[in-house]
Amino acid sequence: ISGHQRVKKRNFTPYQLAWVTIPKFGPQGIGSPSVYHAVIVIFLEFFAWGLLTAPTLVVLHETFPKHTFLMNGLIQGVKGLLSFLSAPLIGALSDVWGRKSFLLLTVFFTCAPIPLMKISPWWYFAVISVSGVFAVTFSVVFAYVADITQEHERSMAYGLVSATFAASLVTSPAIGAYLGRVYGDSLVVVLATAIALLDICFILVAVPESLPEKMRPASWGAPISWEQADPFASLKKVGQDSIVLLICITVFLSYLPEAGQYSSFFLYLRQIMGFSSESVAAFIAVLGILSIIAQTIVLSLLMRSIGNKNTILLGLGFQILQLAWYGFGSEPWMMWAAGAVAAMSSITFPAVSALVSRTADADQQGVVQGMITGIRGLCNGLGPALYGFIFYIFHVELNELPMAPVPITSRNSIIPGPPFLFGACSVLLALLVALFIPEHTNLNVRSSNWKKHCGSHGHPHSPQAPGEAKEPLLQDTNV
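Residues numbered from 1 in each chain as written. Predicted model: local features only at pLDDT ≥ 70, side-chain atom pairs only at ≥ 80, totals over all residues. Heavy atoms only, no water.

- An unreviewed UniProt entry annotates the chain as Hippocampus abundant transcript 1 protein originating from Malurus cyaneus samueli.
- Looking at the chain in UniProt, the text filed under Sequence similarities (unreviewed entry) is "Belongs to the major facilitator superfamily." (UniProt positions renumbered as here; feature names shortened; annotations may be inferred.)

Written as structure tokens, this is what we have:
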């Protein structure tokens, strides 16, 4: 009898034994559930959105000619906060009702704004904001992967999904910029819509359910654990251990500016620094490739040579340098140079995750990782809004849409990018806090309720705690 569920000892007929040992799945797709199904879903979704990188920047300014950065920050901030609030609930519902239906739901609502770009830009940005409620495809995808992999296989499976995410963003903005320049943005929107529909059809037809049918209740009215659905559940445990508190403060102060930077930086390059659409696409591609190298080869070498804590400090130092360079830089070549430094700063969060996994007890992994994930989810909402507000109070506005790569910003401005300088100060505080994190310690978080909850609602075949939501390394970097 497999370990999928415990049964009392009794005499089984061969048919009954087969029913117990072989998990039954819901609506069948093509083949058995595999990591490759999840990889294709992620690639198609982010490839569709990557195509729209250049058109979105143009439509954003045309729709909000005044206070462009403020509106961009508000749109992305509302989306981030809604995602933070809804991700645990959707994860809890998928634990009860299955993954396939929620993959379909999240991909549909995440891609729903795409065709509205040319139909009604106002509705396009409004739907983007509201879509944050369901824009949590990664949460469902990683739950899907956890269902079908053993613990020793999971790291490699997550890495494959992460690499697929990076690959889609490395190639698609350049393709979208080229097609937009040659054939117009309308064709790019139609192509992105078609790829999104292809993703939805792939889920409907080809993706099999990963959650065994016997793990799901017979009716849709089955209760779920509201403790698992509480987005603030992990944050409530932050202050229970001083080391955990230091780590979480470090993550908050360093990821808050990174989340804000990700939401506005490409608009900043396009409209303020005068980058062309092709230059922005090339910047994304180069930064993505360098980040992949930094988070694989360089990170591995640093962890072995200088240790975990020093790697975190080095990553924070690179982040301070690149944010200060973005803040004071007034020439395009400075942005390219700072981008190379930004790729090196992407080693920070993987090093933090490694420090937590190395120092926390086995039964504390999900609790502490869940806290860090909750902190980053909160930053995804606060960071973009904060950057948009700082641009607004420093009167960084756009007067006209540049048709050639000529910077609009004044050459005499002392600080062309005020939010980036603010971000550098925030990361400097994170560096000072990180100095007090010991290299080797045992994290002790009181989690009796958490463990009790895991025992009653977690899946025996998936050792992840409900609060643990491992995300791809590149999702939260400057890519």
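### Brief notes about unusual backbone geometry
Part 1 of the reasoning: Even without a glycine there, the phi angle at His-67 is positive, about 60 degrees.
Part 2 of the reasoning: Inspection of the secondary structure puts His-67 in the loop between helix H3 (53-63) and helix H4 (68-97). (Helix = DSSP H or I, 4+ residues; strand = E, 2+ residues; numbered from the N terminus.)

### Side note on helix H12 (residues 242-272)
Part 1 of the reasoning: Along its 31 residues, H12 runs 42 Å from first to last C-alpha, staying within 8% of the 45 Å computed at 1.5 Å per residue.
Part 2 of the reasoning: The sharpest bend along H12 reaches about 45 degrees and sits at Ser-264.
Part 3 of the reasoning: By the criterion of burial, H12 is predominantly enclosed, with 25 of the 31 residues buried.
Part 4 of the reasoning: Within two residues after H12, Gly-274 carries a phi angle of roughly 80 degrees, on the positive side. (Expected span 1.5 Å × (residues − 1). Bend = angle between axes of the 7 residues up to and from the residue. Buried < 20%, exposed > 50% of the residue type's maximum accessible area, 1.4 Å probe, protein only.)

### A closer look at a nonpolar patch on the surface
Part 1 of the reasoning: Where nonpolar side chains cluster on the molecular surface, the patch consists of Val-286, Ile-289, Leu-290, Ile-293, Ile-297, Leu-301 and Trp-336 and spans about 590 Å² of accessible area.
Part 2 of the reasoning: The biggest single contributor to the nonpolar patch is helix H13 (residues 277-305), with six residues.
Part 3 of the reasoning: Note that Ile-293 resides in helix H13.
Part 4 of the reasoning: By relative accessible area, Ile-293 is classed as partly exposed at 40%. (Patch = residues over 30% accessible without salt bridge, like charges linked within 9 Å, V, L, I, M, F, W, Y side chains within 5 Å. Areas by Shrake-Rupley, 256 points an atom, 1.4 Å probe, with all protein chains shown as cover. Salt bridge = Lys/Arg side-chain N within 4 Å of Asp/Glu carboxyl O.)

### Considerations on the environment of His-37
Part 1 of the reasoning: Inspection of the secondary structure assignment puts His-37 in helix H2 (residues 35-51).
Part 2 of the reasoning: As a C-alpha pair, His-37 and Tyr-144 span 107 residues in sequence and 9.4 Å in three-dimensional space.
Part 3 of the reasoning: Within polar-contact distance, the side chain of His-37 engages the backbone oxygen of Ala-206 at 3.3 Å. (Polar contact = N/O pair within 3.5 Å; in protein donor to acceptor, adjacent residues only side chain to side chain.)

### Examining the packing of aromatic side chains
Part 1 of the reasoning: For the structure on display, the rule yields 20 aromatic pairs.
Part 2 of the reasoning: Relative to Trp-122, the ring of Phe-64 lies with its centre 5.1 Å away and its plane at 75 degrees, an arrangement referred to as edge-to-face. Of this pair, Phe-64 sits in the loop between H3 and H4 while Trp-122 sits in helix H7 (residues 121-130); the two residues are 58 residues apart in sequence, bridging distant segments of the chain.
Part 3 of the reasoning: Look at Phe-265 and Tyr-326: their rings are 4.3 Å apart centre to centre, the planes differ by 40 degrees, and that puts the pair in the tilted class. One end of the pair, Phe-265, is in helix H12; the other, Tyr-326, is in helix H14 (residues 308-328), and 61 residues separate them in sequence.
Part 4 of the reasoning: One aromatic cluster is present, formed by Phe-69, Phe-265, Phe-266, Tyr-268, Phe-275, Phe-283, Tyr-326, Trp-336, Tyr-387, Phe-391 and Phe-420 through successive ring pairs. (Phe/Tyr/Trp six-rings, centres within 6.5 Å; stacked < 30°, edge-to-face > 60°.)

### Concerning the packing of H4 against H7
Part 1 of the reasoning: Packing of H4 against H7 brings their axes to within 7 Å, and their N-to-C directions diverge by 30 degrees. On the basis of their axis angle, the class for H4 and H7 is roughly parallel. Residue-level inspection shows Ile-75, Val-78, Lys-79 and Leu-82 of H4 in contact with H7, the latter providing Phe-125, Ile-128, Ser-129 and Val-130.
Part 2 of the reasoning: Classifying every residue of the contact of H4 with H7 by side-chain character gives six nonpolar, one polar and one charged. (Axes fitted to C-alpha atoms, helices over the stretch in contact; angles between N-to-C directions. Parallel < 35°, antiparallel > 145°, perpendicular 65-115°, else oblique. Contact = heavy atoms within 4.5 Å. Nonpolar A, V, L, I, M, F, W, Y, C, P; charged D, E, K, R; others polar.)

### Focus on the environment of Gly-31
Part 1 of the reasoning: Position of Gly-31 relative to the elements: it lies in the loop between helix H1 (14-21) and H2.
Part 2 of the reasoning: Gly-31 sits 176 residues away from Val-207 along the chain, and the two C-alpha atoms are 8.3 Å apart.

### A look at the pattern of salt bridges
Part 1 of the reasoning: Overall, the coordinates contain two salt bridges when judged by the stated rule.
Part 2 of the reasoning: Of the charged contacts in the structure, one is a salt bridge between Asp-147 and Arg-99, with a shortest N-O distance of 2.6 Å. Of this pair, Asp-147 sits in helix H8 (residues 137-148) while Arg-99 sits in the loop between H4 and helix H5 (100-111), and the two are 48 residues apart along the sequence.
Part 3 of the reasoning: Where Glu-278 meets Arg-181, a salt bridge forms, and the shortest distance between an N and an O atom there is 2.7 Å. Highlighted residues: Glu-278 in helix H13 and Arg-181 in helix H9 (residues 151-183), separated in sequence by 97 residues.

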